[in-house]
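Residue-level structural notes
Each chain is listed here by its residues.
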Amino acid sequence: MPPEASAVPAGAPPARRPAGEAEVATPPRLVKCVVWDIDNTLLDGVYLESAAAPPPANQAMAATLADLGSRGILHAIASKNPQQAAEHAAKVTGAQFAAVECGWGAKSDALARIAADLSIGTDALAFVDDDPYERAEVGAALPEVLVLAPEEVAEAAGWPEFGAAAVTDEARRRGEMYAARRHRQAAARAFGGSREEFLASAGTQVTIAATSQQDVPRLHELSARTRQFNSAGQAAGEAEFAAWIAAPDHEVVTVRLRDAFGDDGIVGACVTSHGDDGTWTVRLLAMSCRAMGRGVIGGLLAWLIRSAARAGAQGVAVPCVLNERNVPLRVALTGAGFRAGTGPGPDATAASAVFRRSTGTALPELPSWLRAPDAPIADELRQMLARITGRGELAGLPADAPLFGEGVSLDSLTGTLLLREVQRRFGVDVAGTDLNLDALATLGTLASFIAEQGGP
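What counts as what
- Residues numbered from 1 in each chain as written.
- Predicted model: local features only at pLDDT ≥ 70, side-chain atom pairs only at ≥ 80, totals over all residues.
- Heavy atoms only, no water.
- Pairing = 2+ DSSP bridges.
- Helix = DSSP H or I, 4+ residues; strand = E, 2+ residues; numbered from the N terminus.
- Axes fitted to C-alpha atoms, helices over the stretch in contact; angles between N-to-C directions.
- Contact = heavy atoms within 4.5 Å.
- 1 Å grid on protein atoms, 1.4 Å probe; cavity = no way out; pocket = protein on both sides within 12 Å on 5 of 7 lines; lining within 4 Å.
- Points joined across faces, edges and corners; volume = space filled by probe spheres on them.
- Nonpolar A, V, L, I, M, F, W, Y, C, P; charged D, E, K, R; others polar.

To continue, consider the sheet that holds strand β2 (residues 74–79). Pairing in this open sheet of 5 strands is parallel, and the strands run β3-β2-β1-β4-β5 from one edge to the other. The two strands at the open ends of the sheet, each matched to only one other strand, are β3 (99–102) and β5 (146–148). Strand-to-strand twist in this sheet, taken as the mean axis angle between neighbours without regard to direction, amounts to 20°. Two elements, strand β1 (residues 33–36) and strand β4 (residues 125–128), share 4 bridges in a ladder whose sense is parallel. From the neighbouring strand, V34 faces β4, where its bridge partner is A126. The strands that helix α5 (residues 132–141) touches are β4 and β5; relative to β5, the one it contacts most, it runs at about 175°.

Another point: empty space enclosed by the protein. Over the atoms rolls a probe the size of a water molecule, and in doing so it shows where empty space is left. In the structure shown here, the tally under the stated rule is 2 cavities of 30 Å³ or more. Contributing to the lining of the largest cavity are K32, L74, I120, R174, Y178, R218, L222, R225, T226, S288, C289 and R290. Among the elements that make up the lining of the largest cavity, the one with the highest residue count is helix α10 (residues 216–225) (3 residues). Tallied by class, the residues present in the lining of the largest cavity amount to 5 nonpolar, 2 polar and 5 charged. Considered as a void within the structure, the second largest cavity measures approximately 40 Å³ in volume. Contributing to the lining of the second largest cavity are V34, W36, L68, A126, V128, L148, V153, A156, A157 and F162. Counting residues per element, the ones that place at least two in the lining of the second largest cavity are β1, β4 and α6 (153–156).

Coordinates in, geometry out; function isn't part of it.
Below is the structure:
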């Protein structure tokens, strides 16, 4: 058992609830990353005091590393040691560490840097160290961190804070995905162009698709783990997702992300209801922090707005709990043209606002790397034509309208520009496919040709 409150050093977090007391209704915070000390914690000995050979791994800690890693929990190191000690610890434990902080500063500062590097809150960290002073220092500076001694780890692994055994592919591969994240960030720093240019050069692919029942475990996990991009501010259960999927007046989509550095799998979910009042209401919008800075939330919101407009909805409403953690989501909504107002929020017990956007204003462009089956190719071709020719009326062009006949009257220049845009957006080289003139007869035939060639 963890020590009683009276035995905990001053400044450490309060002891856990003693056995026999009433259960607390508030769900436990989930630990996303365990930060480990090295000496007498990951290793059976002190690295810098080993003369002939570095100390071996502590086998109990190595087993816990593997167990928690299989559940999708990340590992990091914060140690007053040289970098070589972390490399040795990784080798002998066989673990993959998402972040490493080696130095002689305060451990609490190291934990804050690790959380920032991983784009998670410090309240999603656990800290394991054999030194009571270091545990007390972290507990005093970061009371939201779950602080443990090595001898407490085996029992703590069964606590609700550490979740259940992994049931999703994303959970099993989370360490691998964070390793890919480091490579991606290094490449982005070395890239000389804009963020959008880097995303394109990295082969970014965002796919929005209808949800199946097989996706439900991952969607529940996603809603439970994400806080920065969670409109409801809390987890949605598997039964709740299953009911939304089955409801005829609801639409549930998943968002998948991949690029040349790796496949992140399902990183987002959006649940909307379509009422008779002409408004699409987002019941839940959740996005993994791994998608931050990669254009995913902006692409999803652009697709959402355009889909609502295409269906004849007058606007989109996103009820959103207001807390200090989901500021990034609210900033993204504001950037996409949503404005906060009053109205019923997703949680009557929390401060809430409703972010609204009309579909009557200029619709946002879909990123070239976004794939959404519900965004018809013909609609995008209309937008291309309107933009290339400078004629806004072409955004409403009928599918059977001749491209080179009266009404559109493409010439060689605008035709070349259109084909260039088609290749950029859909990856289909119409000119390189023996330039089938039948495909260019009408807007509809061109859209069908693109679809047959595999785009989007």
